Amino acid sequence: MAVPSSAPVPQPSSEASWPPRTAADFARIGSLPAYVFAQVNAEKAERIAAGEDVIDLGMGNPDLGTPGHIVEEMVTHARDKKHHRYSASRGIYGLREGMAEHYRTRYGVELDAESEVVVTIGAKEGIAHLMLAILEAGDTMILPSPAYPIHSYAPTFAGGSVIPIPMEGDGEGSVRGDVLLDAVEAACRATARPPKALLLSFPNNPTTLQAPPGFFERAVEVCRRNRLLLIHDFAYADFGFGEEPPSVLQVPGAKEIAVEFFSMSKSYCMAGWRVGFCVGNPAMVGALTRIKSYLDYGIFQPIQIAAAHALQAGQECVAETRDTYRARAAALSEGLQGAGWDVPAPRATMFIWAPIPEPFAGMPSIEFARMLLREAGVVVSPGVGFGPQGEGSVRFALIEPEERLREAGARIGRVLRRAKAAA
């Protein structure tokens, strides 16, 4: 339709903004914080290209292959052309029922595969699109910090913002739950516009902290009292090295306000397959399902069939993977302790979270990470990449065999000893 002559014609806000010359010229992209891992990654690539032996413990990208029986299931069905068509964006019924059965047998939680389970293209995609479904412009969400980056960025993409709550450990591998939830209630009282949701993740990436007994019961109570939706990222459900990590949905009545994300990436070494789930509250699951129906056609069907097979077959492979990471954590922590860096083995996840040691305490985490790459040939993730509350720490991903992790500890030990001798 033509624009009437009396109507103002929209003009670019400035000469510099049109045409856009970089991604940052788009407001949403320009508002994103700098990618703090970029400099370390660039220097890592240069050193590898120069032929240096770099031990990369940065990104949590599992090195263990997907169990053979899962691969074979996918390959078998990939040969059948009937599976080459579009799939269902919410996931095939067999996979959704497989997830419901997993919760039934593992946690004693009943889920309706039709209304309380949706398949996602990994937990990361699911969380991002759930934020788009439930948040409105100006909404806020409470987030314990340090946090996995998508937990902070997804609300921003949706037009909302995050209220960070500093997270503290109890010295025994668990979060100080009462302190955290007291801070959540204080944040609710302090805001003129009530926050919309609370996003939790235990066992936690990056801090490795677990939820203590009774934590989720009180979390559900706090959220109900403050009219908060509760979202739990349960990506490391199978990576507790002692007692089994609890599901928030085990709390009676939790499904009235809560959803939980589960991922095949770590438990089944299927990171590149991109299969996850959002389960629980039917309103939130339904909202995510509706959003996804406009945005994707689902995952390649043979991958979904293989994922259902993984959930329903014997779970020995999951236990073997967990034991592998537990042994790796012990190997690296022993090496670091031998170097004079007091880093206890974690009680969960596939990471070690460590405060920057003397004589480097006070050095920005990104500079400490660059120094370890330069002096030891070891890549770690700077803590500030997980939010301001992560500054002062670094994260090691346990994605190398034990002997390489011991070598990393030995290299770092030499750096620390030289620095202490020079101090």
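Predicted, not measured: the structure shown is a model, and the values here were computed from it. (Residues numbered from 1 in each chain as written. Predicted model: local features only at pLDDT ≥ 70, side-chain atom pairs only at ≥ 80, totals over all residues. Heavy atoms only, no water.)

**Student:** Which residues make up the pairing of strand S5 (residues 197-200), and what values do they have?
**Tutor:** Burial of S5 is two-sided: the residues Ala197 and Leu199 facing one way and the residues Leu198 and Leu200 facing the other way are all buried. In the sheet, S5 pairs with strand S6 (residues 229-233) via 4 bridges, with the strands oriented parallel. Residue pairing in the sheet places Leu198 in a bridge with Leu230 of S6. (Buried < 20%, exposed > 50% of the residue type's maximum accessible area, 1.4 Å probe, protein only. Helix = DSSP H or I, 4+ residues; strand = E, 2+ residues; numbered from the N terminus. Pairing = 2+ DSSP bridges.)

**Student:** Could you give me a rundown of the side chain of Ser145, with the residues and numbers involved?
**Tutor:** Position of Ser145 among the secondary structure elements: in strand S3 (residues 140-145). Overall, Ser145 belongs to the buried group, its relative accessible area being 5%. In contact with Ser145, not counting residues within four places along its chain, are Pro164, Ile165, Pro166, Met167, Phe386, Gly387 and Gln389. (Contact = heavy atoms within 4.5 Å.)

**Student:** Provide a residue-level description of unusual backbone geometry, including the pertinent values.
**Tutor:** Look at the link from Asn205 to Pro206: it is a cis peptide, with omega at 25 degrees. Looking at the secondary structure, you find Pro206 in the loop between S5 and helix H8 (215-225). The omega torsion across Glu358 and Pro359 is 5 degrees, close enough to zero to call that bond cis. If you trace the backbone, Pro359 turns up in the loop between strand S9 (351-355) and helix H13 (365-376).

**Student:** I'd like to hear about the environment of Val162, residue by residue, with values.
**Tutor:** Within the secondary structure, Val162 is located in strand S4 (residues 161-166). Note on Val162: relative accessible area 24%, which makes it partly exposed. Taking the C-alpha atoms as reference, Val162 lies 5.5 Å from Thr140; in sequence the two are 22 residues apart. In this structure Val162 touches Met141, Leu143, His151, Ser152 and Pro155, once residues within four positions along its chain are discounted.

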